[in-house]
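# Descriptive analysis of the structure
The residues making up each chain are set out below.
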Amino acid sequence: RGERAFEQDLAGRHVVISAGGTREPLDPVRFLGNQSSGKQGYALARTAVARGARVTLVAANTALPDPAGATVVPVSTTEELREAMTGAASGADVVVMAAAVADFRPARVATGKIKKRDGVEPEPVVLERNPDILAGLAARHGGRAAVVVGFAAETEDALASGRAKLVRKGCDLLVVNEVGGGRAFGTEDNEAVVLDTRGGERHVPYGPKEDLADAVWDAVVAEPPRVEP
Ligand code: CTP
Ligand code: CA
């Protein structure tokens, strides 16, 4: 990362980052989850500390060493993540949703372990929608001072889908990953495009997640100050 680590361009800023993937319980021992390792979110936390930020890392089901200098808040379900992010984001300068959030959760959580019985078909799992945490954080306009950053993993038409998602979510920056072919999830490297609301695109070549993290902070630092209506 060369000179970068010594550039304190996030000094005085409080950044809040979510990492990992949420889990939605089916019963006391089972859950619906996803493949996110949390590595990109942790890379964001480490690089933000290196650039002088005060960092809160809301970590959903990760198994990674705590980044030195960051405050780590462990969570598991989407509701816990929403509460932790909403609380930490009030008064923050930058909010980054790098976590993979479950879009759906089981409508009912069994109080005891679900048992199988011979000759009895299993019950279908009924799902309901989870709230959109990023859209909620971005919608706190009329006083929202924070730069809000989202992530999106897309398998097709990554740029067009990303543009549409940036508008739909109401965030300031969207980091679009093209996934498939074993890329992104759980790997050490990442390739992405950082979109802003002015039509800008920063292409980050395939490389370490720290490089993508630094490109995200470059884009955050370049964001114009928010003009409140
Ligand atoms: N996100 C969120 N809350 C959700 C779902 C997603 O905050 N309930 C955030 C993710 O953390 C990410 C961004 O929204 O920063 C985009 O996630 P993605 O899954 O790509 O978007 P969705 O709106 O869920 O669209 P899709 O149907 O393509 O999954
Ligand atoms: Ca989703």
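Keep in mind that this is a model prediction, so the values were computed, not measured.

Moving on, we come to the coordination of the calcium ion (ligand 2). Around the calcium ion (ligand 2), the protein contributes the donor atoms Asp103 (OD) and Asp103 (OD), at 2.4 to 2.6 Å from the metal centre. If you trace the backbone, Asp103 turns up in the loop between strand S6 (94–97) and strand S7 (104–106).

What follows covers helix H5 (residues 209–222). For H5, which comprises 14 residues, the first-to-last C-alpha distance of 20 Å matches the rise-based estimate of 20 Å (1.5 Å per residue) to within 8%. When we look at burial in H5, the residues that qualify are Lys209, Leu212, Ala213, Asp214, Ala215, Val216, Trp217, Ala219 and Val220.

Spatially, S5-S4-S1-S6-S9-S10-S11-S12 is the arrangement adopted by the eight strands of the open sheet, whose pairing is mixed. Of all the strands in the sheet, the pair left with one neighbour each is strand S5 (70–75) and strand S12 (201–208). Strand-to-strand twist in this sheet, taken as the mean axis angle between neighbours without regard to direction, amounts to 20°. Note that strand S4 (residues 54–60) and S5 share six bridges and pair parallel. Among the inter-strand pairings, Val58 is bridged to a residue of S5, identified as Val73.

Attention shifts here to the environment of Gly38. Within the element layout of this structure, Gly38 appears in the loop between strand S3 (30–32) and helix H1 (39–50). Judged by its relative accessible area of 4%, Gly38 falls in the buried class. With residues up to four places along the chain from it excluded, the contact list for Gly38 reads Ala19, Gly20, Thr62 and Leu64.

A contiguous nonpolar surface patch, about 330 Å² in accessible area, is contributed by Leu32, Phe104, Val125 and Leu127. Look at Leu32 and you get partly exposed, because its relative accessible area is 31%.

With that out of the way, let us pick up the nonpolar core. By size, the foremost hydrophobic cluster in this structure holds 32 residues, and its most contacted members are Ile17, Leu44, Val216 and Trp217. Elements represented by at least two residues in this core include exactly strand S1 (14–20), H1, S4, S6, strand S9 (147–154), strand S10 (173–178), strand S11 (189–196) and H5. If you tally residues by element for this core, the top one is H5, at seven residues. Residues contacting Ile17, with those up to four places away along its chain left out, are Gly41, Leu44, Ala45, Val55, Thr56, Leu57, Val58, Met85, Val96 and Trp217. Counting 27 residues, the second largest nonpolar core, distinct from the first, contains Ala88, Ala138, Ala152 and Val176.

So, about the side chain of Asp27. Turning to its location among the elements, Asp27 is positioned in strand S2 (residues 24–27). Judged by relative accessible area, Asp27 falls into the buried class, the value being 2%. In terms of polar contacts, Asp27 uses its side chain to reach the backbone amide nitrogen of Val29, at 2.9 Å. A polar contact of 2.9 Å, which involves the side chain of Asp27, links it to the backbone nitrogen of Ile114. What Asp27 contacts, discounting residues up to four positions off in sequence, is Val109, Ala110, Gly112, Lys113 and Ile114.

The subject of this paragraph is the layout of surface pockets. Regions of empty space are outlined by a rolling probe, equal in size to a water molecule, passed over the atoms. Space inside the largest pocket adds up to approximately 1000 Å³. Forming the boundary of the largest pocket are 41 residues, of which Ala99, Ala100, Val101, Phe151 and Ala153 lie nearest the centre. Among the secondary structure elements, those contributing two or more residues to the lining of the largest pocket are S1, H1, helix H3 (133–138), S9, helix H4 (158–169) and S10. For the lining of the largest pocket, a count of residues per class yields 20 nonpolar, 12 polar and nine charged. The calculated volume of the second largest pocket comes to roughly 550 Å³. Taken together, the residues of the lining of the second largest pocket sort by class into 10 nonpolar, no polar and seven charged.

Turning our attention to the UniProt feature "binding site: CTP" (unreviewed entry) in the protein. Under the feature "binding site: CTP" (unreviewed entry), the UniProt entry names Asp103, Lys113, Pro131, Asp132, Ile133, Leu134, Phe151, Lys165 and Lys169. In summary, the annotated positions, distributed over 67 residues, remain apart in three dimensions as well, the widest C-alpha pair reaching 38.1 Å. Checking the named residues against the largest pocket, the ones that line it are Asp103, Pro131, Asp132, Ile133, Leu134, Phe151, Lys165 and Lys169. Among the structural elements, Asp132 can be located in the loop between strand S8 (127–129) and H3. Asp132 sits in the partly exposed class, given a relative accessible area of 37%. Inspection of the secondary structure puts Phe151 in strand S9.

Conventions used here
Residues numbered from 1 in each chain as written. Chains lettered and ligands numbered in written order. Predicted model: local features only at pLDDT ≥ 70, side-chain atom pairs only at ≥ 80, totals over all residues. Heavy atoms only, no water. Donors = N, O, S within 2.8 Å, 3.2 Å for Na, K, Ca; no water. Helix = DSSP H or I, 4+ residues; strand = E, 2+ residues; numbered from the N terminus. Expected span 1.5 Å × (residues − 1). Buried < 20%, exposed > 50% of the residue type's maximum accessible area, 1.4 Å probe, protein only. Pairing = 2+ DSSP bridges. Axes fitted to C-alpha atoms, helices over the stretch in contact; angles between N-to-C directions. Contact = heavy atoms within 4.5 Å. Patch = residues over 30% accessible without salt bridge, like charges linked within 9 Å, V, L, I, M, F, W, Y side chains within 5 Å. Areas by Shrake-Rupley, 256 points an atom, 1.4 Å probe, with all protein chains shown as cover. Salt bridge = Lys/Arg side-chain N within 4 Å of Asp/Glu carboxyl O. Core = buried A, V, L, I, M, F, W, Y, C linked by side-chain atoms within 4.5 Å. Polar contact = N/O pair within 3.5 Å; in protein donor to acceptor, adjacent residues only side chain to side chain. 1 Å grid on protein atoms, 1.4 Å probe; cavity = no way out; pocket = protein on both sides within 12 Å on 5 of 7 lines; lining within 4 Å. Points joined across faces, edges and corners; volume = space filled by probe spheres on them. Nonpolar A, V, L, I, M, F, W, Y, C, P; charged D, E, K, R; others polar. UniProt positions renumbered as here; feature names shortened; annotations may be inferred.

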